[in-house]
Amino acid sequence: MTVISLNASSLDEKRIQKAAAQACEGVAPNFPLDKLIAVNPFWKLISSSQQDVSAKVHALAGISTVMPASHWLDLYKEGEISDHAISHSLAQYDITLDSATFLSTLGDSRQKIALPLITKYFDSYRSASEMTWQDECLFQISQFCAAYYQHESPLVHVESNSAADTLYKSWLNGLKHDAGINVLMNTRGLKKVFETLPTSVDGLLLEASKTLALDTSKAQDYFYALIMSINGWSSYIAYRTWLKDENELQGLLAIRLAWELIVYRYYEKHHAVEANQVRTRWSYVLNQLPARIAQFKREEQSQWVMMYAYEYEQQQRLQAKLISCTPAEQTHADVQAIFCIDVRSEVIRRVLELQSPSVKTMGFAGFFGMPVAYAPANTEAKRPQLPGLLAPQLLVSETGTESYRTEFIQQRSTWHKWSKSPLGSFSMVESAGWWYAFKLLKNSWLPSSKENPMNSLSHERNWEIKNENGPIGLVDKVALAAGALKMMGMVKFSPTVLLVGHGSKSRNNLHAAGLDCGACGGQSGEVNVRVLAQLLNDEEVRSVLKTMGHKIAGNTRFIPALHNTTTDDVECFDNSVPEKVKNWLLKAKHHAQKERAKHYSTNLQFESDKKRDQRFQHRAKDWSQVQPEWGLAGNASFIIGPRQRTRGVDLEGKSFLHDYTWQNDVDSSVLETLMTAPMIVTHWINAQYNASVTDNEKLGSGNKVLHNALGNNIGVFEGNSGDLRIGLSKQSLHNGERWVHQPQRLGVYIVAPNHKILDIVNKHTMLQELIDNDWLYLFSWEKQAVIERLYKGKWYKSHGLSM
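Counting restarts for each chain, with residues numbered from 1 along the sequence as it is written. pLDDT decides what is reported in this predicted model: residues at 70 or higher carry local features, side-chain atom pairs at 80 or more are listed and counted, and totals for whole chains, interfaces and linings draw on all residues regardless. Think of the side-chain values as coming from all heavy atoms in the structure, minus any hydrogens and water.

Asker: What am I meant to see in the overall build of the protein here?
Answerer: When you go through the protein residue by residue, the secondary structure sums to 31 helices and 18 strands. A contact between two residues is defined here by any heavy atoms of the two lying within 4.5 Å. Long-range contacts, defined here as pairs at least 24 residues apart, represent 74% of the contacts in the protein between residues at least 6 apart. Methods summary: accessible areas were calculated by the Shrake-Rupley approach with a probe of 1.4 Å, and residue burial reflects only the protein chains presented. Of the roughly 34000 Å² that the protein leaves accessible, carbon and sulfur atoms contribute 51%. Secondary structure counts use DSSP, requiring at least four H or I residues in a row for a helix and at least two E residues in a row for a strand, with both numbered from the N terminus.

Laid out in structure tokens, this is it:
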């Protein structure tokens, strides 16, 4: 028998390559500005418990995932956390202290310090007047990425076999021709070091690992620390990987690792003693990493105890409301209004139902079951109108738009794009001269509504639906309509059925898409409701639906509408809306505005409806407004069940609501879809808001007043450089005095039998990881007076369990 063995060198190479791939796989995607949707920044790490992930990213990247003790103490003093909740939380963590003693021991853990990188160690040899290596690395990499990704092709032609090599080689080619770094860093001979770098990603990974004597067992953690030191660009490239399934992110890792090698080799040649000392210190800290992570986990435990206590307190208050509510009786409905599940819809739905017992509202994922991309007629543009988890199956285009109109829109789009770029805005103002000065004054004194140029094409009544073979036929139209009705659970139809998508209106807002519908890929839901209404109003489609059990009366009219979440206007795109329905919508708007006004100023609550409405309309048009609305701040729960269970309950705009009746879902296929799609989307939203609060520097986008957009809707810089900023700006989360969003993990409540829920969880590893690793809470609420929690395959009375 012949024994084949690999030499140590080839084994090390494979281990290093595997470590690089695994480190890159841990980065979650961040979507570009025009498709902005929320994502859990730790989505790729949910196979570990949230506390373990927290300690690890704390140790490796200096990221905070839980609020400091002082934050929780403030909430305790305000009555948002009770002594009972703290005692309950302590019991779950097996801590034998009473709440008073525990509170007296609380203290904030020490400052978050990332794993020191090679470049960081050499910063100690730089004078106070010199730029640090860390800052220079970030600046050089970020500027390169900004230039590279604003072009559709590499800056220079390079021969490569992978996207990672293309990225790396493009950077290397530019670096070798950059003589300015020597001058900027006051380092003679640095340029010669550039010439020694390997010309491939794999070659760089192996050579750097050998030169730095990197322990292969620690390589994955070290590489993750490197990639997270530029987590903005890492997250954007992870989005590109999400789309194309390429390993491009390893190219960025190679670039960051190359800087470690460059700086080390420079000091090795010119300051050998210092270089040897740094490598020794760095290796020691890297080898101590497991102990460092364990220490951080111990330090953070008290913060997690307080967070769990806060969550328990808030959930107990919500559950008391839910259990004490008397389910509303089914009555005849003159109008049915189907809204997105978005937390902002909860307010307008509740106050609309107050207008009449004959108003019935329902919640449905905002893309309304339409797996489509919108392709405006006579243009080459295309954008998805569905959640980021899904891929479009069909294209929709308006049939009433004439070519001259789209040409005008294209010109506007080009102007719009030019005006938003960091450099273009200056040249545009200079070119436009006094005319642009007049425009600036007009925007300040007489603000008007402006919308995305692409959105202005979608205000059409007639739509064409196509697949790869052309316009779809009746069979496919019926399948689309039937699928939407099944997911909505609609069996009876009122004379008027409003299909209400939602969007947000604001001016001068680079993150505007983040306020639109997350279920529509960060777009307005207008296209989706218009297309679905056209299908359901089609007599041929209705005729076939009738044979399938969907009996839609001849006098039933499906009316597309759009809820403006900034102003709470509901605009109906059909003239057949009954007058009384219009009046109900108007009164509901005024009620919703009054409720939302308390989040802005005390005086606004007590003004007249007319005056308050004027203020809200102005907020939407004001180009200097940094807080046009609070978005989904405050989101805390997702309730999947019939509206009768929650009708009349004030959920304070904190709950996502999706209608579902388990008795009509014999095979549980609808519930499975809800738990693997909308539940994930709501978790992503919740996790992004939480992360943007717990660490706005690393996981949020800082001060939006300082934002500058990068071309092709890539993202924003805060200022003119630094890392690409991801997440939410502080103005979307903080009102100047306190956080508007209080971090807490999403609580999901499902009105269905326990065994049906558990069967679905057991089918999906993803769901098991989210639930059992404490990324969210899952409750069943089949019986009105009983709410139980699922945890690690077992059911418990609410929170009565050991963690």
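Asker: Help me understand helix α26 (residues 609–621) in this model?
Answerer: Along an α-helix, residues three or four apart share an orientation, since each turn contains 3.6 residues. Expected helix span is given by 1.5 Å per residue-to-residue step, counting one fewer step than there are residues. The end-to-end C-alpha separation of α26 is 19 Å, in line with the 18 Å expected for 13 residues at 1.5 Å each. Among the residues of α26, those classed as buried are Arg-612, Asp-613, Phe-616, Arg-619 and Ala-620. Down the axis of α26, the buried side of the element spans an arc of 115°, and every buried residue falls inside it. To sort residues, take the accessible area from a 1.4 Å probe on protein chains only and compare it with the maximum for the residue type: under 20% means buried, over 50% means exposed, and anything in between is partly exposed. The arc in question is the one spanned by the directions pointing from the helix axis to the C-beta atoms.

Asker: Teacher, can you tell me more about the sheet that holds strand β10 (residues 570–572) here?
Answerer: A strand pair is defined by DSSP finding two or more bridges across the two strands. Ordered in space as β2-β1-β8-β9-β10, the five strands form an open sheet in which the pairing is mixed. At either margin of the open sheet sits one strand with a lone partner, and together these are β2 (359–364) and β10. Direction aside, neighbouring strands of the sheet carry axes that sit 25° apart on average. With eight bridges joining them, strand β8 (residues 496–503) and strand β9 (residues 557–564) adopt parallel strand pairing. Residue Gly-501 lies in a different strand from β9, and its bridge partner there is Leu-562. Strands in contact with helix α17 (residues 343–353) are β1 (335–340), β2, β8, β9 and β10; relative to β2, the strand with the most contacts, it is inclined by about 165°. Fitted lines through C-alpha atoms give the axes, limited to the stretch in contact for helices. The angle between two N-to-C directions lies from 0 to 180 degrees.

Asker: Can you help me understand the environment of Asn-575 in this one?
Answerer: Along the chain, the position of Asn-575 falls in the loop between β10 and α24 (579–597). With 16 residues separating them in the primary sequence, Asn-575 and Ile-559 have C-alpha atoms 9.0 Å apart.

Asker: Explain the pairing of strand β12 (residues 655–658) to me, please; I cannot follow it from the model alone.
Answerer: Remark: a regular strand shows side chains that alternate across the two faces of the sheet. Neither face of β12 is exposed, since Ser-655 and Leu-657 on one face and Phe-656 and His-658 on the opposite face are all buried. The sheet contact formed by strand β11 (residues 637–640) and β12 spans four bridges and is parallel. Considered in β12, the bridge of Ser-637 is made with Ser-655.

Asker: Would you mind going over the nonpolar core with me for this structure?
Answerer: In a soluble, globular protein the nonpolar side chains are often hidden away together inside. Here, nonpolar core means buried Ala, Val, Leu, Ile, Met, Phe, Trp, Tyr and Cys residues that are tied together by side-chain atoms lying within 4.5 Å of each other. Counting residues in hydrophobic clusters, the biggest one holds 208 residues, and the most contacted among them are Trp-171, Tyr-222, Phe-223 and Trp-233. Sort the elements by how many residues they give to this core and helix α14 (residues 248–270) lands first, with 14 residues. By size, the runner-up hydrophobic cluster in this structure holds 19 residues, among which are Ala-337, Leu-352, Val-581 and Ala-588.

Asker: Got a minute to help me understand the pairing of strand β6 (residues 463–467) in this structure?
Answerer: Bridge count for strand β5 (residues 394–398) against β6 is four bridges, and the pairing is antiparallel. Bridge pairing in β6 links Leu-395 to Lys-466. Across two bridges, the pairing between β6 and strand β7 (residues 470–471) is antiparallel. If you follow Lys-466 over to β7, its bridge partner there is Pro-471.

Asker: I keep staring at the sheet that holds β12 and nothing clicks. Help me out?
Answerer: Strand pairing in a sheet relies on backbone hydrogen bonds, with the paired strands running either antiparallel or parallel. Reading across the sheet, the six strands line up as β12-β11-β15-β16-β17-β18 and stay open at both edges, with mixed pairing between neighbours. Among the strands making up the open sheet, the edge pair consists of β12 and β18 (794–797). Neighbour-to-neighbour, the strand axes of this sheet turn through a mean angle of 25°, independent of strand direction.

Asker: For this particular structure, what's the right way to read the packing of aromatic side chains?
Answerer: Within a pair of aromatic rings, the relevant descriptors are the distance that separates the centres and the angle that separates the planes. Centres within 6.5 Å make a pair out of two Phe, Tyr or Trp rings, where for Trp the six-membered ring is used; the pair is then stacked when the planes are under 30 degrees apart, edge-to-face when over 60, and tilted otherwise. Evaluated as defined, the whole model comprises 29 aromatic pairs. Ring centres 4.9 Å apart and planes at 80° place the aromatic pair Tyr-148 and Tyr-149 in the edge-to-face group. Assigned by exposure class, Tyr-148 and Tyr-149 land together as buried. Relative to Phe-779, the ring of Tyr-777 lies with its centre 6.3 Å away and its plane at 15°, an arrangement referred to as stacked. Of the two residues examined, Tyr-777 and Phe-779, each falls in the buried class. Clustering of aromatic rings is evident, with ring pairs tying together Phe-31, Trp-43, Phe-144, Tyr-148, Tyr-149, Trp-233, Tyr-236, Tyr-239, Trp-242 and Trp-684. Two conditions define a charge located above a ring, namely a distance within 6 Å from the ring centre to NZ of Lys or CZ of Arg, and an angle within 35 degrees of the ring normal. One cation-aromatic arrangement involves Arg-530 over Phe-573; the distance from NZ or CZ to the ring centre is 4.0 Å. Cation over ring: Arg-645 sits above Trp-781, and NZ or CZ is 4.9 Å from the ring centre.

Asker: What is the right way to read the environment of Lys-794 from this model?
Answerer: Relative to the assigned elements, Lys-794 resides in strand β18. Expressed as a C-alpha distance, the spacing of Lys-794 and Asn-754, which sit 40 residues apart in the sequence, is 9.8 Å.

Asker: What is the right way to look at the pattern of salt bridges in this model?
Answerer: Charged atoms that come close allow side chains of opposite charge to pair. By definition, a salt bridge exists where a carboxyl oxygen of Asp or Glu is found within 4 Å of a side-chain nitrogen of Lys or Arg. Under the definition given, this model contains 36 salt bridges. With a shortest N-O distance of 3.5 Å, Glu-80 and Arg-317 are connected by a salt bridge. In this pair, Glu-80 sits in the loop between α3 (69–77) and α4 (83–92) while Arg-317 sits in helix α16 (residues 289–324), placing the two residues 237 residues apart along the sequence. A salt bridge links Arg-344 to Asp-342, with the shortest nitrogen-to-oxygen separation between them at 2.9 Å. In this structure, Arg-344 and Asp-342 share a single accessibility class: buried. Several salt bridges converge on common partners, so that one network encompasses Glu-346, Arg-350, Glu-595 and Asp-650.

Asker: Help me understand the packing of α17 against α24 in this model?
Answerer: When two helices pack together, their arrangement is given by the angle between their axes and by how far apart the axes lie. Across the interface, α17 lies against α24 with an axial gap of 8 Å and an inter-helix angle of 130°. With respect to α24, the element α17 is oriented oblique. Relative to α24, α17 is oriented so that their crossing is right-handed. Residues Arg-344, Val-347, Ile-348, Arg-350, Val-351 and Leu-352 of α17 form the contact with α24, whose participating residues are Trp-584, Leu-585, Ala-588, Lys-589, His-591, Ala-592, Glu-595 and Arg-596. Any residue that is not Ala, Val, Leu, Ile, Met, Phe, Trp, Tyr, Cys, Pro, Asp, Glu, Lys or Arg is counted as polar, Gly included; the first ten are nonpolar and the last four charged. Its residues placed into classes, the contact of α17 with α24 shows eight nonpolar, one polar and five charged. Reported orientations rely on four angle classes, namely roughly parallel under 35 degrees, roughly antiparallel over 145, roughly perpendicular from 65 to 115, and oblique for the rest. Each crossing gets its hand from how the near helix is turned against the far one by less than a right angle, where anticlockwise is left-handed and clockwise is right-handed.

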